[in-house]
Amino acid sequence: MSHSSFETKVVHNKVDQETISNSKSTPIYQTSAFTFKDLSHLESYYEGNSPYLYSRERNPNTDELGDSIARLEGAEAGAATSSGMSAILAGILAIAGSGDHIVAAEDLYGGTHHLISKELETFGIEVSMVSFSNLQEVEDSIKPHTKLLYTESITNPFLRVEDLQGLVKLANKYQLSTMVDNTFATPYLLNPCEAGVDLVVHSATKYIGGHSDVTAGVLAGKEEIIKRAVKKVSAFGANLSPFEAWLAQRGAKTLALRMKQQSQNAECLAKSFRSNPHVKHVYYPEFVSENGHGAIVTIELKKSVDIERFFQCLGWVKIAPTLAGVETTVSYPLTTSHRSLTDEQRAKVGINKYVVRLSIGIEDADDIIEQFREAIEESLGE
Ligand SMILES: *Cc1c(COP(=O)(O)O)cnc(C)c1O
């Protein structure tokens, strides 16, 4: 080869492909595009015989993540996206468009609440947000042009467990699609697709990634819906980068181990809060699955606790506006996830100054219990 000049050599200075084969861990395909040896090879992409062309559309690492979560969910197909929010948007737009109507739960994750209540109208989608704890209320809000019922399998921050069978039954009666955010439950606890849900969405930023080092989203569900969603992801440029996909996929390998420990710890902590005289309410599901009941515990403290001081006395438990990492963290819905809600909306879903959401990690259960007991003791008002 005539690689004479540095300028030519420097750009063709590539590691032989052979050196990456047989690797135990999936290599990171950190490439924006794929090359073709001739025009017929390029043509084979459009004929569906060659999978990769351009990473915004598809990449081996994002495929690996989408496929692996789809298998864990028992879904036909899966796809990875740049974040939980882009997965939610792409999923909704794969089902509903201009002139359609959707019915969504009113107690959704703050970002989703904003997306659905404020942003969907720019796509010409009409929205009703109602309480899904009463399926009659959902049924009453169905209109002739309704296309989708949207909710979370375990809601945030009060951890209401959705009646998925009832929801699917209602959707089938009116031939509607169903979409469920399974972020809090993870496929380790619940598989909504197996209950008949059409599309599941995850913020892989949370338990799937599990280490608070990646922002990513995943969709899993019926193949024809996933295909349409993937087109939206590509059109909006909401694709996940190969490295982020690789990180999320690496994290997902320990999902069962982490969720098992985190759920057990959460259950112990919820029990200890129930006997603490300074805790007004403990929100923790009675039952989610045989594998456990989730790793989020929400508490409402009594007015005897100085809330500012409580957050200062948490020691190694940090305040973080996220959840699901291996470390126990706390968040404050009032000023973070539910900040954009009006006072009236917050009151309706039950958020107030004394509500704290805890994301339980993999530490020793007794250490976690002791840290919170101390924080409450040290923050009692005069
Ligand atoms: C975090 C979260 C989202 C949004 O996901 P991002 O990855 O932050 O975009 C959606 N739903 C739930 C339940 C979440 O916890």
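Above this note sits the structure.
A quick note: this is a predicted structure, and the numbers were derived from the prediction, not measured. (Residues numbered from 1 in each chain as written. Predicted model: local features only at pLDDT ≥ 70, side-chain atom pairs only at ≥ 80, totals over all residues. Heavy atoms only, no water.)

**Student:** Before we move on, could you go through the sheet that holds strand E8 (residues 279-283) and cite the residues and values that matter?
**Tutor:** Spatially, the 5 strands line up as an open sheet ordered E8-E9-E12-E11-E10, and their pairing is mixed. Single-partner strands in this sheet number two, and they are E8 and strand E10 (318-319). Sheet topology note: the E10/strand E11 (residues 329-331) ladder contains 2 bridges and is parallel. Paired with lysine 318 across the strands is threonine 329, a residue of E11. (Pairing = 2+ DSSP bridges. Helix = DSSP H or I, 4+ residues; strand = E, 2+ residues; numbered from the N terminus.)

**Student:** Give me the site of the ligand: which residues, what numbers.
**Tutor:** Around the ligand, a shell composed of 14 residues is seen, among which Gly84, Asp181, Ser203, Thr205 and Lys206 lie nearest. Threonine 205 places a side-chain nitrogen or oxygen 2.6 Å from an oxygen atom of the ligand. One nitrogen or oxygen atom from the side chain of lysine 206 is found 2.7 Å from an oxygen atom belonging to the ligand. Protein coverage of the free-state accessible area of the ligand, which is 380 Å², stands at 92%. Per-element accounting of the shell around the ligand gives the leading share, 3 residues, to helix H4 (residues 84-95). Counted by class, the shell around the ligand contains 6 nonpolar, 6 polar and 2 charged residues. (Near = heavy atom within 4 Å. Polar contact = N/O pair within 3.5 Å; in protein donor to acceptor, adjacent residues only side chain to side chain. Areas by Shrake-Rupley, 256 points an atom, 1.4 Å probe, with all protein chains shown as cover. Nonpolar A, V, L, I, M, F, W, Y, C, P; charged D, E, K, R; others polar.)

**Student:** Which residues make up empty space enclosed by the protein, and what values do they have?
**Tutor:** According to the stated counting rule, one finds 3 cavities of 30 Å³ or more in the structure shown. In this structure, the largest cavity spans a volume of roughly 50 Å³. The element best represented in the lining of the largest cavity is helix H5 (residues 110-119), accounting for 4 residues. Residue composition of the lining of the largest cavity, by class: 1 nonpolar, 5 polar and 1 charged. (1 Å grid on protein atoms, 1.4 Å probe; cavity = no way out; pocket = protein on both sides within 12 Å on 5 of 7 lines; lining within 4 Å. Points joined across faces, edges and corners; volume = space filled by probe spheres on them.)

**Student:** Please set out the pairing of strand E2 (residues 101-105) residue by residue, giving values where relevant.
**Tutor:** Counting buried residues along E2, 5 of its 5 residues qualify, which places the element largely inside the surrounding structure. The alternating pattern of E2 places His101, Val103 and Ala105 and Ile102 and Ala104 on opposite faces, both of which are buried. Note: E2 against strand E3 (residues 126-130), 5 bridges, orientation parallel. Note that in E3 the partner of valine 103 across the bridge is serine 128. For the crossover that starts at E2, traverses H5 and ends in the parallel E3, the hand is right-handed. Two strands pair when backbone bridges link them, and E2 and strand E4 (residues 146-152) are joined in this way by 4 bridges, in the parallel orientation. Considered in E4, the bridge of alanine 104 is made with tyrosine 150. (Buried < 20%, exposed > 50% of the residue type's maximum accessible area, 1.4 Å probe, protein only. Right-handed = clockwise from strand over helix to strand, strands pointing away.)

**Student:** Account for the pattern of salt bridges, with residues named and values stated.
**Tutor:** Side chains that differ in sign of charge can pair as their charged atoms come close. With the rule as written, the count across this model stands at 12 salt bridges. A salt bridge links arginine 160 to aspartate 107, with the shortest nitrogen-to-oxygen separation between them at 3.2 Å. Residue arginine 160 is found in the loop between E4 and helix H7 (164-173), and its partner aspartate 107 is found in the loop between E2 and H5; the two are separated by 53 residues along the sequence. Of the two residues, arginine 160 and aspartate 107, neither departs from the other in class, the shared state being buried. Here lysine 173 ties to glutamate 139 by a salt bridge, and the two come within 2.7 Å at their closest N and O atoms. Here the residue lysine 173 occupies a position in helix H7, and glutamate 139 occupies one in helix H6 (residues 135-140), the gap between them amounting to 34 residues. With relative accessibility at 59%, the residue lysine 173 sits in the exposed group. Given the relative accessible area of 18%, glutamate 139 is considered buried. Residues joined by salt bridges that share partners form a network here, namely Asp107, Arg160 and Glu162. (Salt bridge = Lys/Arg side-chain N within 4 Å of Asp/Glu carboxyl O.)

**Student:** Just give me the short version of unusual backbone geometry, but keep the residues and values in it.
**Tutor:** For the bond from asparagine 156 to proline 157, the omega torsion is 0°, close enough to zero to count as cis. Along the chain, proline 157 falls in the loop between E4 and H7. Although it is not a glycine, glutamine 175 sits at a positive phi angle of roughly 55°. Of note, glutamine 175 is situated in the loop between H7 and strand E5 (177-181). With a phi close to 55°, serine 212 is a non-glycine residue in the positive phi region. When you line up the elements, serine 212 lands in the loop between strand E6 (199-203) and strand E7 (217-221).

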